[in-house]
Amino acid sequence: MEKIRVDLAERSYNISIGNNILEGIGEKLKLFDLSPRIAIVSNPTVFSLYGDRVSNSVKKAGFELSTITIPDGEEYKDLLWVQHIYDELLRIKLDRSSALIALGGGVIGDITGFAASTYMRGISYIQVPTTLLAQVDSSVGGKTGVNHKLGKNMIGTFWQPRLVWIDVETLKTLPKRELLAGIAEVIKYGVIYDGELFDFLEVNKDKILNLDSRAITYIIKRSCEIKADVVSKDERESGLRAILNYGHTIGHAIETVSGYKRFLHGEAVAIGMFLEARLSQMLGLIDKDQVSRIKAVIDSYGLPSEMPADMDVQSILLSMRLDKKTVAGEMKFIFPEKIGQVRIHKGVTENTIRDLLQSKPI
Ligand SMILES: NC(=O)c1ccc[n+]([C@@H]2O[C@H](COP(=O)([O-])OP(=O)(O)OC[C@H]3O[C@@H](n4cnc5c(N)ncnc54)[C@H](O)[C@@H]3O)[C@@H](O)[C@H]2O)c1
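Residues numbered from 1 in each chain as written. Predicted model: local features only at pLDDT ≥ 70, side-chain atom pairs only at ≥ 80, totals over all residues. Heavy atoms only, no water.

Below, the discussion takes up the overall build of the chain. Along its length, the chain carries 14 helices and 11 strands. Its C-alpha atoms put the chain at 60 × 40 × 35 Å along the principal axes. Put simply, of all contacts in the chain between residues at least 6 apart along the chain, 75% involve residues at least 24 apart. Accessible surface for the chain amounts to roughly 15200 Å². Of this, 50% is attributable to carbon and sulfur atoms. When the 46 positive and 46 negative side-chain charges of the chain are each reduced to one mean point, those points stand 2 Å apart. (Helix = DSSP H or I, 4+ residues; strand = E, 2+ residues; numbered from the N terminus. Contact = heavy atoms within 4.5 Å. Areas by Shrake-Rupley, 256 points an atom, 1.4 Å probe, with all protein chains shown as cover. Lys, Arg positive; Asp, Glu negative; His and termini not counted. Charge placed at Lys NZ, Arg CZ, Asp CG, Glu CD.)

Printed below as a string of C-alpha cells:
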C-alpha cells in the first residue's frame, strides 16, 4: 500500500492507495478516536457496487453503521440534499465524535464533506473516492461544497478529512468517459508541477487506459503527492494553491455556458488547458513546441482540446467575468511557461482572450 501525508499541523492526514483495500477500512477507523456510530453517504450506483464491502468491514470492526443515499448526479449536490443528510444524522443520533464516510465520486465527497463540516459545528469524515477525478483531486485538500442555482460550488467550507482511502480496483467499474475526465486532471498536474509525470502520461497511455495496476497507482500517487504538497503550503488558496486551477478559468466558463450538460468537468478542463497554454504562447511565455505537446497528450487520451465552433465567445467572456476566480474585474490565469512549471498571471485583457477564442486551431 502507498501512503502519502498531507501535512497541515493538527489537521494532517494520510492518503492510502492500494488494490482491493476497501475491506480494510473498518480496522483503520479503529485507530481514530471515534464514537461507535458512523454513517456512510453514497449514491445508489456506487453503493450497489461497493456498499456491502465497506459496510461489512465497518460493522466487523464494531461500529454501528447507518447508510444515507442521495440520488446520483451533480444536480443533487445542493442544500436540499444536505438538509436530508442532516435529518438522517439527527434521526440516527450521530454525535460530535461520530464520522461520515463519503463513498463515491466528487459529488458525494463534496456534499458529505460539507455536511460533516457543519453538522454540530464539524465532525470527522473519511473520503473513499471511487472515480479517478475524486482519487486524484477532489478527495484531497478539504474543499467541500454544494451548488447554488446561481452558481456551481458557491456554498462551501474548508474542512479536511481524517483519512483518504483509495482503492484503485474501483476504477474497473467506472465508465470510460469518467476515467478520461479524471486523466485530464492528471495531465494538469504534469503541466503545473512535474514534467516526469507528463512524460509518463505520454509514454504509458495504453497501460493507463487498461488500468495496469502499477501505471494507474503511479499516476494517482504522484497526483496526490503534488496536491498534498501544494495544499500543505497553501491550505486556503491565498497564493500557490491557485496553480491547481490551470485550465479551469476557461474550462469553467465552457461548463457554465454549455449548462453543465455537454461536457464533463475534466473534458472542459482539457479544453481550458490547451486554450490557456495557447494564451500563454500568445503572450510569449511558452514555446510553441511545448504547447503542441500539451495538445498532443490531451488528444491522445481522446479528450477534447478545442472549443466547439458553435460556442458563443461573448457568453464565454461574460461567464469568465462573473467567475469567483475573477477579483475586482481582474481575471486570473495559470500560464504554463514550460511543461512542469506555471506562473500565476493577472491582467490579461478581454481583447486578448477574444482573439484567442476566435483564432483558428493550430
Ligand atoms: N472539492 C474539490 O476540491 C473538487 C475538485 C474537483 C472537482 N470537484 C467536484 O467533483 C464533482 C465531480 O466529481 P466526479 O467527476 O467524481 O463525478 P461524480 O461524483 O458525479 O461521479 C461520476 C459518475 O460515476 C459514478 N461512479 C462513481 N464511482 C464509480 C465506480 N467506481 N464505478 C462506476 N460508477 C461510478 C457516479 O455515480 C457518477 O454517476 C463536481 O461536483 C466537482 O465540483 C471537487
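As a further point, take the site of the ligand. Around the ligand there are 26 residues in total, and Glu74, Gly106, Thr130, Thr131 and Thr173 lie nearest to it. Thr130 places a polar side-chain atom, nitrogen or oxygen, 2.8 Å from a nitrogen atom of the ligand. Protein chains bury 88% of the 860 Å² of accessible surface belonging to the ligand in isolation. At the level of secondary structure, the elements contributing two or more residues to the shell around the ligand comprise helix H2 (44-60), helix H4 (106-118), helix H5 (132-138) and strand E8 (151-158). A total of 4 residues in the shell around the ligand trace back to one element, the largest contributor, which is H2. A per-class count over the shell around the ligand returns 7 nonpolar, 10 polar and 9 charged. (Near = heavy atom within 4 Å. Polar contact = N/O pair within 3.5 Å; in protein donor to acceptor, adjacent residues only side chain to side chain. Nonpolar A, V, L, I, M, F, W, Y, C, P; charged D, E, K, R; others polar.)

For the rest of this paragraph, the subject is the environment of Ile38. As for its placement among the helices and strands, Ile38 is situated in strand E3 (residues 37-42). Once the C-alpha coordinates of Ile38 and Glu64 are considered, the two residues, 26 residues apart in sequence, prove to be 6.1 Å apart. With residues near it in sequence (within four places) discarded, Ile38 still touches Leu29, Val58, Phe63, Glu64, Leu65, Ser66, Leu94, Ala99 and Ile101.

So, about helix H3 (residues 79-91). At 3.6 residues per turn, the α-helix brings residues three or four places apart onto the same side. Between its terminal C-alpha atoms H3 stretches 18 Å, which fits the 18 Å expected from 13 residues at 1.5 Å a residue. Within the span of H3, buried status applies to Val82, Ile85, Tyr86, Glu88 and Leu89. Considered in projection along H3, the buried side chains sweep an arc of 165° and stay on one side of the axis. With respect to the buried face of H3, the exposed residues turned more than 90 degrees away are Leu80, Leu90 and Arg91. In the core, the buried residues of H3 are packed alongside E3, strand E4 (64-69), strand E5 (99-104), H4 and strand E7 (143-148). Of the residues flanking the end of H3, it is Lys93, one or two places downstream, whose phi is positive at about 60°. (Expected span 1.5 Å × (residues − 1). Buried < 20%, exposed > 50% of the residue type's maximum accessible area, 1.4 Å probe, protein only. Arc of directions from axis to C-beta.)

The next point concerns the environment of Pro36. Within the element layout of this structure, Pro36 appears in the loop between helix H1 (25-29) and E3. Judged by relative accessible area, Pro36 falls into the partly exposed class, the value being 48%. Taking the C-alpha atoms as reference points, Pro36 and Lys93, separated by 57 residues in sequence, lie 11 Å from one another. Residues within four places of Pro36 in sequence aside, it is in contact with Phe63 and Glu64.

Attention now moves to the packing of aromatic side chains. Summed over all chains, the structure comprises 3 aromatic pairs. Taking 6.1 Å as the distance between ring centres and 90° as the angle between the ring planes, the aromatic pair formed by Tyr76 and Trp81 counts as edge-to-face. Tyr76 sits in the partly exposed class, given a relative accessible area of 27%. Arranged with centres 5.3 Å apart and planes meeting at 5°, the rings of Phe333 and Phe335 form a pair that is stacked. Across the pair, Phe335 and Phe333 agree in class, each one buried. In this arrangement the basic side chain of Lys188 is found over the ring face of Tyr189, its NZ or CZ atom lying 4.9 Å from the centre. (Phe/Tyr/Trp six-rings, centres within 6.5 Å; stacked < 30°, edge-to-face > 60°. Lys NZ or Arg CZ within 6 Å of the ring centre and 35° of its normal.)

Moving on, we get to the pairing of E7. Side-chain direction in a regular strand flips from residue to residue, so the side chains alternate between the two faces of the sheet. In terms of strand pairing, E7 meets E8 through 5 bridges, oriented antiparallel. Residue pairing in the sheet places Thr144 in a bridge with Thr157 of E8. Hairpin connection from E7 to E8: 2 residues lie between these consecutive antiparallel strands. (Pairing = 2+ DSSP bridges.)

Among the structural elements, Gln127 can be located in strand E6 (residues 124-129). Contact partners of Gln127, with chain neighbours within four places excluded, come to Ala102, Gly109, Ser138, Ser139, Pro161, Leu163, Val164 and Trp165.

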